[in-house]
Amino acid sequence: MTTPEKPKVSRRLFAASGASAAAWVLTACGPRRLHEVPRDRLRVAIREMERKYSQQAGKEVKVSDAGALPGVEFAYALDISRCIGCRRCVYACVEENNQSRNPQLHWIKVLSMEKEKGVDFSHADPYYHPATVPEEGHFYVPVACQQCKNPPCTKVCPTGATWTEPDGIVVIDYDWCIGCRYCMAACPYGARHFNWAEPVLPADAVNTDTHYLGNRPRPKGVVEKCTFCIQRTRAGKYPACVDVCPAGARKFGNLLDKDSEIRYIIEHKRVLVLKEELNTVPRFFYFYAT
Amino acid sequence: MRLTTLAALGLAAAALGPAADPPSAAPAPHKRTEERLEVPPPPFTEGLFPCTTCHEGMPVNRTRRVLKDMHDDIVLKHDEEHRWCLDCHDATNRDRLHLASGAPVSFEESYLLCGQCHGEKLRDWRAGVHGRRTGSWNGPKRYLLCAHCHNPHQPRFRALAPKPAPLPPSRAAR
Ligand code: SF4
């Protein structure tokens, strides 16, 4: 127990230093993640993406590399007392963000819950299909990526393919994602989705306004999720789900702007976050306006 | 003396005003105001407005009654026990509404009328929190009038057919 201690330590040290040297060589000389490459090289990579996607879609696809705006931290608020569960947001998101139509992939899941039970995931039903909504005795909780300030998903990624941008958006580099799906296991909200098969996206359905960290077309074998519509919000627009919601249940803005809708909600309404006990610190709030 | 005080006050106000705020997000920060808000035209039933087209010269009957000859398609489900047409529609200027005070209000500003009873909703609406908002989170926004989403005669939000449910995972992931 006591005698062979010394050589063990040095061997471990040797292995560790070897590994870190290899890692250093790889990051210094090898291919880089898209957010690490210098701007001019990123442009080259993006031109190449545009060429490829335009050819596939048979129309001009633009890939933006817009960075985070200074002084902006995005946040979202959803009014549980207003959502009627119509799923307009689900399909507006699919169209905006070039999700696969077959196999079907949805970034937003609308959960139907019973008023008697309150916010209770063990009794939530995403498959409700009555003739009309809202249903008597039910309320609806749409769930997508909560854009956590303390995200469990980015910590487990072995390749560093997912990280938090300065404006708070958790993004994925589809070229670095190896499809291990650790992040899906780590996410407590089921917000990450895997392309099990080659995504089918009909050419006429392609949204040609894309962002390299967001809705550019994805290959098979990578993980994807909500990015607060990075291609829209960094251009000053509301996310597609905010624009489409007929109930006006969805609110979005800059957490650092004291005059924003989002700050008004946090300061004046009853606000909650999902699974608060996990300390993920979501930037996605739910509230009751009434 | 008074002038200097005023100048000092002005300076203090300027120091407290928006100019003193730290620079906020580009392009233009949106400020909440109590001003009149830009809204799309009110959702009139085709061919009914202006009301004066028919009502001009018609004798005014202020007796509360069930309408039979015209507007009989309107079913009032909005505190109907205490309310009828002329509580909101103006009998002297048919193309306008009026507040409880009698002050006339245009259809474009009908939110002032709704806000008489639903004050907290009006406050939230002005702040951009009640109601559907489209446009830009850091720039111009498009508001809707209360009446675009709530039929003033039956204000409960109408039920909608939901979009299709997601496919169960086994089939979706095939
Ligand atoms: S579009 Fe609005 S009302 Fe409909 S399900 Fe989505 S959040 Fe709810």
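Just so it is clear, the model here is predicted, and its values are computed rather than measured.

Next up on the list: the overall build of chain B. Secondary structure assignment for chain B yields six helices and four strands. Seen in sequence order, chain B has helices and strands lined up from the N terminus as α-α-β-β-α-α-β-β-α-α. Relative to its full complement of 174 residues, chain B shows a buried share of 27%. Contacts in chain B between residues far apart in sequence, at least 24 positions, make up 51% of those at least 6 positions apart. Carbon and sulfur atoms make up 60% of the accessible area of chain B, which totals about 12,000 Å².

Residues and elements named next belong to chain A. An order of E10-E2-E12-E11 is seen for the four strands of this open sheet, with the pairing classed as mixed. Strands with a single pairing partner mark the edges of an open sheet, and in this sheet they are strand E10 (250-254) and strand E11 (270-272). Adjacent strand axes in the sheet meet at a mean angle of 30°, parallel and antiparallel pairs treated alike. Its contacts with the sheet put helix H8 (residues 261-268) on strand E2 (74-79), E10, E11 and strand E12 (284-288), and the angle it makes with E10 is roughly 110°.

This paragraph deals with the interface of chain B and chain A. Quoted interface sizes are often the accessible area lost when the parts come together. In this assembly, 39 residues from chain B lie in contact with 49 residues from chain A. Here chain B meets chain A over a buried area of about 3,600 Å², counting both sides, of which 56% is carbon and sulfur. Taken together, chain B and chain A are joined by two salt bridges. Of all the secondary structure elements, the ones that give two or more residues to the side of chain B that touches chain A are helix H4 (119-126), strand E3 (134-135) and helix H6 (169-172) of chain B. Here the side of chain B that touches chain A is composed, by residue class, of 19 nonpolar, nine polar and eleven charged.

Attention now moves to the site of the ligand. The full set of residues close to the ligand is Cys-83, Ile-84, Gly-85, Cys-86, Arg-87, Arg-88, Cys-89, Pro-142, Cys-245, Pro-246, Ala-247 and Arg-250 of chain A. Grouping the constituent residues of the shell around the ligand by class yields eight nonpolar, one polar and three charged.

Thresholds, definitions, all that
- Residues numbered from 1 in each chain as written.
- Chains lettered and ligands numbered in written order.
- Predicted model: local features only at pLDDT ≥ 70, side-chain atom pairs only at ≥ 80, totals over all residues.
- Heavy atoms only, no water.
- Helix = DSSP H or I, 4+ residues; strand = E, 2+ residues; numbered from the N terminus.
- Buried < 20%, exposed > 50% of the residue type's maximum accessible area, 1.4 Å probe, protein only.
- Contact = heavy atoms within 4.5 Å.
- Areas by Shrake-Rupley, 256 points an atom, 1.4 Å probe, with all protein chains shown as cover.
- Pairing = 2+ DSSP bridges.
- Axes fitted to C-alpha atoms, helices over the stretch in contact; angles between N-to-C directions.
- Buried area = accessible area lost by both parts, 1.4 Å probe.
- Salt bridge = Lys/Arg side-chain N within 4 Å of Asp/Glu carboxyl O.
- Nonpolar A, V, L, I, M, F, W, Y, C, P; charged D, E, K, R; others polar.
- Near = heavy atom within 4 Å.

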